[in-house]
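# Summary of structural features
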Amino acid sequence: MSMTIGLAGKPNAGKSTFFKAATLADVEIANYPFTTINANHGVTYVRVECPCKEKEKRCGKCVDGVRLVPIDIIDVAGLVPDAYKGRGLGNTFLDELRQAQAIIHVVDASGGTDAEGNPVDIGDHDPLEDVAFLNREITMWLYGILERNWVKLARKIQAEGLKLEVVIAEQLAGAGIRESHVNAALTETGLARLDHIKWSEDDMIRLCDAMREISKPLLIAANKADIAPRGNLDRLKDLDRIVVPTSAAAELALKSAAKNGLIKYSPGDQKFEILGGELTKAQKKGLEAIQKVIERLGSTGVQECINRTVFELLDLIVVYPVEDEGKWSDKKGNILPDAYLMKRGSACRDLAYQIHTEIGDRFLYAVDARTRLRLGEKHELKNGDVIKIVSTAK
Ligand SMILES: Nc1nc2c(ncn2[C@@H]2O[C@H](COP(=O)(O)OP(=O)(O)O)[C@@H](O)[C@H]2O)c(=O)[nH]1
Ligand SMILES: [Mg+2]
């Protein structure tokens, strides 16, 4: 199971800066719309406490007990209003978004860019509008796909006695919608109780809105928090969803400084340490300003967005497969060589399949390396579990 986080938002909200900070990949950053033409795919990291802390020997994969577990991330093309009608890079945006299982909506919380991403005075644009507009665009995109053949489909469902949720899921498969999403949305909207032939346009949009919410959970990065008016941050935080104030620019500066050996910083830290190296006056001033920002915000917020997307939106856990339940190592002695992200609710046999199809097929039992207890195939894994899988010989 591979999971991808999508960074969405209007041009100039700071998506590419966020992406670069989160991946340290090389993408262009510039203050004009449509800098990002194609999706940038990269790898970012969830920050967790490494289980090797519980053992005498360090694993060598973590830094001071901070372990980074990889997950894919896409910097999606900037979204402009009416993208679903094909405006701007609208179609590209939606095509890229379908690959993501969760969205970080990067919002310019400073209000310094208009609805299309053009620079305006700070505080001039209301970021709450951007939140509503992105949701609406995605909903209308889904609606556009569903509506295309609806009259025909609706009749076919009736005439051939097909299952409603199966037909809708088929129609929207390309957008990443599954039967379970459709069912949940039908129940939530009450539309399950209404004959689908009688659905109005409004009903169908409500259904699409619910399917969006369920299939593409989203959190808000209230970006440019370093220069955002306090009132904007407060109003964003009042929204009924996860909102994390971020300064992608600060995170990028810190990561670059750390990469160049100027500071000691691990993503998500609340502070950093200036190392002995030569700092120019400007660098020193810049770092001092960033220190003030993260003291005020708690952190740059970028790592918090990644972690909360993985653990709260996607509901994943981290599991460490090992071959030696005593040393917590593989056969070569590498301690805790792998860390897998898995859906909460996954069982031991799912882990075996994730390691290798054959190991899944030949699964005998698992061992909890902490307690040394034997676990059956259906035993549910917990976050942080260290597990040995035992399978039959070929
Ligand atoms: N002050 C401030 N500026 C930022 C922040 N993040 C991005 N920017 C600036 O906003 C502009 C647009 O950023 P970019 O990442 O290219 O936006 P994108 O179009 O959404 O990919 C650039 O000038 C960035 O330096 C931030 O956290 N704080
Ligand atoms: Mg960009």
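The protein appears in an unreviewed UniProt entry as Redox-regulated ATPase YchF from Methanosarcina flavescens. According to the UniProt record, the Sequence similarities (unreviewed entry) comment for the protein is "Belongs to the RelA/SpoT family."

To continue, consider the nonpolar core. Ranked by internal contacts, the top residues of the largest apolar core, which has 50 residues, are F93, W150, I168, W199, L207 and M211. It is helix α3 (residues 127–148) that contributes the most residues to this core, 10 residues altogether. Contact partners of F93, with chain neighbours within four places excluded, come to A8, V76, A77, L79 and L134. Formed by 41 residues, the second largest nonpolar core is a distinct cluster that contains V48, C59, A248 and V386.

Two elements in contact, α3 and helix α8 (residues 230–237), have axes whose closest approach is 9 Å; the angle formed by their N-to-C orientations is 35°. Here P127, L128 and V131 of α3 come into contact with α8, specifically with N232, R235 and L236. Across the contact of α3 with α8, the residue classes break down as 4 nonpolar, 1 polar and 1 charged.

In terms of domains, the protein is made up of domain 1 (1–39 + 76–253 + 299–314) and domain 2 (316–391). A separation of 34 Å is found between the C-alpha centroids of domain 1 and domain 2. Approximately 580 Å² of surface area, both sides summed, lies buried where domain 1 meets domain 2, with 62% of it carried by carbon and sulfur atoms. Where domain 1 packs against domain 2, one counts 0 salt bridges. For the pair domain 1 and domain 2, the interface holds 3 residue pairs in polar contact (both at pLDDT 80 or more). In the side of domain 1 that touches domain 2, the residues fall into 5 nonpolar, no polar and no charged.

If you check which residues of helix α6 (residues 179–189) are buried, you get H181, V182, A185, L186 and T189. Take α6 and look down its axis: the buried residues cluster within an arc of 130°, on one side only. Pointing more than 90 degrees away from the buried face of α6 are the exposed residues T187 and E188. On its buried side, α6 packs onto α5 (164–171) and α7 (201–215). One or two residues past the end of α6 sits G190, with phi positive at roughly 80°.

To continue, consider the site of ligand 1. Close to ligand 1 lie 18 residues; N12, K15, S16, T17 and D226 are nearest. In the environment of ligand 1, an oxygen atom lies 2.9 Å from a nitrogen or oxygen atom belonging to the backbone of S16. With respect to ligand 1, the side chain of N223 contributes an N or O atom lying 3.2 Å from a nitrogen atom. Alone, ligand 1 offers 590 Å² of accessible surface; in the complex the protein occludes 84% of this. Of all the secondary-structure elements, those providing two or more residues to the shell around ligand 1 are α1 (15–23) and α9 (248–259). Counting residues per element, the shell around ligand 1 draws most heavily on α1, which supplies 3 residues.

Another aspect to go through is the sheet that holds strand β10 (residues 340–343). Pairing in this open sheet of 5 strands is mixed, and the strands run β10-β9-β13-β11-β12 from one edge to the other. Every interior strand has two partners, whereas the edge strands, β10 and β12 (374–375), have only one. Bridging between strand β9 (residues 316–322) and strand β13 (residues 386–391) involves 3 bridges; their strand directions are parallel. The residue of β13 that forms the bridge with P321 is I387. Its contacts with the sheet place helix α12 (residues 348–355) against β9, β10, β11 (363–368), β12 and β13, and it is angled at close to 135° to β10.

Sheet architecture is open: 6 strands sit in the order β2-β3-β1-β4-β5-β6, paired in mixed fashion. Two strands close off the open sheet at either side, each with one partner strand: β2 (40–49) and β6 (243–245). On average, adjacent strands in this sheet sit at an angle of 30° to one another, irrespective of strand direction. Summarising the sheet, strand β4 (residues 102–108) and strand β5 (residues 218–223) pair through 6 bridges and their orientation is parallel.

This part is about the layout of surface pockets. Gaps left between atoms are located by rolling a probe of water-molecule size over the structure's atoms. Counted as a void, the largest pocket has a volume near 490 Å³. If you list the elements that add at least two residues to the lining of the largest pocket, you get α1, β2, β3 (66–75) and α9. A total of 3 residues in the lining of the largest pocket trace back to one element, the largest contributor, which is β2. Of the residues belonging to the lining of the largest pocket, the class tally is 10 nonpolar, 5 polar and 7 charged.

What follows concerns the environment of A77. Mapping A77 onto the fold places it in the loop between β3 and α2 (90–97). On the basis of relative accessible area, A77 is assigned to the buried category, the value being 0%. In this structure, the C-alpha to C-alpha distance between A77 and S247, residues 170 residues apart in sequence, is 20 Å.

Conventions used here
- Residues numbered from 1 in each chain as written.
- Chains lettered and ligands numbered in written order.
- Predicted model: local features only at pLDDT ≥ 70, side-chain atom pairs only at ≥ 80, totals over all residues.
- Heavy atoms only, no water.
- UniProt positions renumbered as here; feature names shortened; annotations may be inferred.
- Core = buried A, V, L, I, M, F, W, Y, C linked by side-chain atoms within 4.5 Å.
- Buried < 20%, exposed > 50% of the residue type's maximum accessible area, 1.4 Å probe, protein only.
- Helix = DSSP H or I, 4+ residues; strand = E, 2+ residues; numbered from the N terminus.
- Contact = heavy atoms within 4.5 Å.
- Axes fitted to C-alpha atoms, helices over the stretch in contact; angles between N-to-C directions.
- Nonpolar A, V, L, I, M, F, W, Y, C, P; charged D, E, K, R; others polar.
- Domains from an automatic or database assignment.
- Buried area = accessible area lost by both parts, 1.4 Å probe.
- Salt bridge = Lys/Arg side-chain N within 4 Å of Asp/Glu carboxyl O.
- Polar contact = N/O pair within 3.5 Å; in protein donor to acceptor, adjacent residues only side chain to side chain.
- Arc of directions from axis to C-beta.
- Near = heavy atom within 4 Å.
- Areas by Shrake-Rupley, 256 points an atom, 1.4 Å probe, with all protein chains shown as cover.
- Pairing = 2+ DSSP bridges.
- 1 Å grid on protein atoms, 1.4 Å probe; cavity = no way out; pocket = protein on both sides within 12 Å on 5 of 7 lines; lining within 4 Å.
- Points joined across faces, edges and corners; volume = space filled by probe spheres on them.

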